[in-house]
Amino acid sequence: MSATGVRLGRFRWWHIDEVLSIEADLFGPEQWSAGMFWGELANGHHYLVAVDDDGLLGYAGLAVAPPDEAWVQNIAVRRRAQRRGVGRLLLEALLAEAARRDARSTLLEVAADNAPAQRLYARYGFEPIGVRRGYYQPSNTDALVMQRVTTPTGEGTDGHG
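This is a predicted model, so every value here is computed, not measured.

Definitions and cut-offs
All chains use their own residue numbering, which begins from 1 and follows the written sequence. Only residues with pLDDT of 70 or above have their local features reported here, since the model is predicted, and side-chain atom pairs are shown and tallied only from 80 upward, although totals for entire chains, interfaces and linings are computed over all residues. To obtain the side-chain values, all non-hydrogen atoms of the structure were included, while hydrogens and water were left out. When two rings of Phe, Tyr or Trp (its six-membered ring) have centres within 6.5 Å they constitute a pair, described as stacked for plane angles under 30 degrees, edge-to-face for angles over 60, and tilted for the intermediate range. Only DSSP runs of H or I reaching four residues or more are called helices, and only runs of E reaching two or more are called strands; each is numbered from the N terminus. For the exposure calls, accessible area comes from a 1.4 Å probe over protein chains only, and a residue counts as buried if that area is under 20% of its type's maximum, exposed if over 50%, partly exposed in between. Residues grouped as a nonpolar core are buried Ala, Val, Leu, Ile, Met, Phe, Trp, Tyr and Cys residues, joined through side-chain atoms within 4.5 Å. A contact between two residues is defined here by any heavy atoms of the two lying within 4.5 Å.

Engineer: I would appreciate a short explanation of the packing of aromatic side chains in the present structure.
Structural biologist: Each aromatic ring pair is described using two quantities: the centre-to-centre distance and the angle formed by the ring planes. As enumerated under the stated definition, the model contains 10 aromatic pairs in all. Arranged with centres 6.4 Å apart and planes meeting at 20°, the rings of W13 and W38 form a pair that is stacked. You can see W13 sitting in the loop between strand 1 (7-10) and helix 1 (16-27) and its partner W38 sitting in helix 2 (residues 34-42), a full 25 residues away along the chain. For W13, a relative accessible area of 52% translates into the label exposed. Residue classification places W38 among the partly exposed positions, given a relative accessible area of 44%.

Engineer: What am I meant to see in the nonpolar core here?
Structural biologist: As a rule of thumb, soluble globular proteins bury nonpolar side chains together. Of all hydrophobic cores here, the largest spans 29 residues; its most connected members are I75, V86, L90, L91, Y121 and F126. Listed by contribution, the elements that provide at least two residues to this core are strand 2 (46-52), strand 3 (55-65), strand 4 (69-77), helix 3 (86-100), strand 5 (105-111), helix 4 (115-123) and strand 7 (141-149). When sequence neighbours within four positions are dropped, the list of residues in contact with V86 reads A3, V6, A50, L57, V77 and A81. F37, Y47, V49 and L56 belong to the second largest nonpolar core, which has 11 residues in total.

Engineer: Is there a simple way to explain unusual backbone geometry in this structure?
Structural biologist: Leaving glycine aside, a negative phi is the common case for residues, and trans is the common case for peptide bonds. A cis geometry characterises the amide bond from P66 onward to P67, with omega recorded as 10°. Tracing the chain through its elements places P67 in the loop between strand 3 and strand 4. Put simply, Q137 and P138 share a cis peptide bond, and its omega is 15°. Along the polypeptide, P138 turns up in the loop between strand 6 (127-136) and strand 7. A positive phi angle, near 65°, is found at D102, a position not held by glycine. Relative to the helices and strands, D102 resides in the loop between helix 3 and strand 5. One non-glycine residue, N140, lies in positive phi territory at about 65°.

Shown next as C-alpha cells:
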C-alpha cells in the first residue's frame, strides 16, 4: 500500500467539478454541494488535493478554530485509488498543518458505519468521544466524533507527529 507517484497540492476552485464527481460517487444524496466547497475555500480553510499522472485522486480539508482546535472537514479518495495510501497521505498533511497552527486538539466526524476510516483515524491517535445521532442526512446515519489530542511537543497520543 504505497502512495508512490501521488502529489499533494492546494485545492483550487477549478478542482470543484472533479471533486463533486467523487462526492456523488462516494456519498450520494449526502454529498457536499459546489457552494459548500466554495464556502470552505472562501473562508480560508486548508484544503488539499491528491493527484497523480491520471488526475485527481482525492481531497481533504481542515478548519482551524483559534486558539488551539482543528477540525478535519473531509477526506475522500476516488474508489479506484483507495487502499493505496492516499487517504493516509492526506490525513498526515492535515495533521502537519494542524500542528503548524498550534492546534492541541484535532477533531472529526465519521460515519458510524465506516469502519475502514475509523481504523485509519485510530492509527493516528484519534479516539471516539461522542456520537451525533442522525447526523448524516437523508440516511439518518450516526456520526462518531473522534478527537486526537497532541502534547506540547506536537506528538499525538500514538507517537505520530
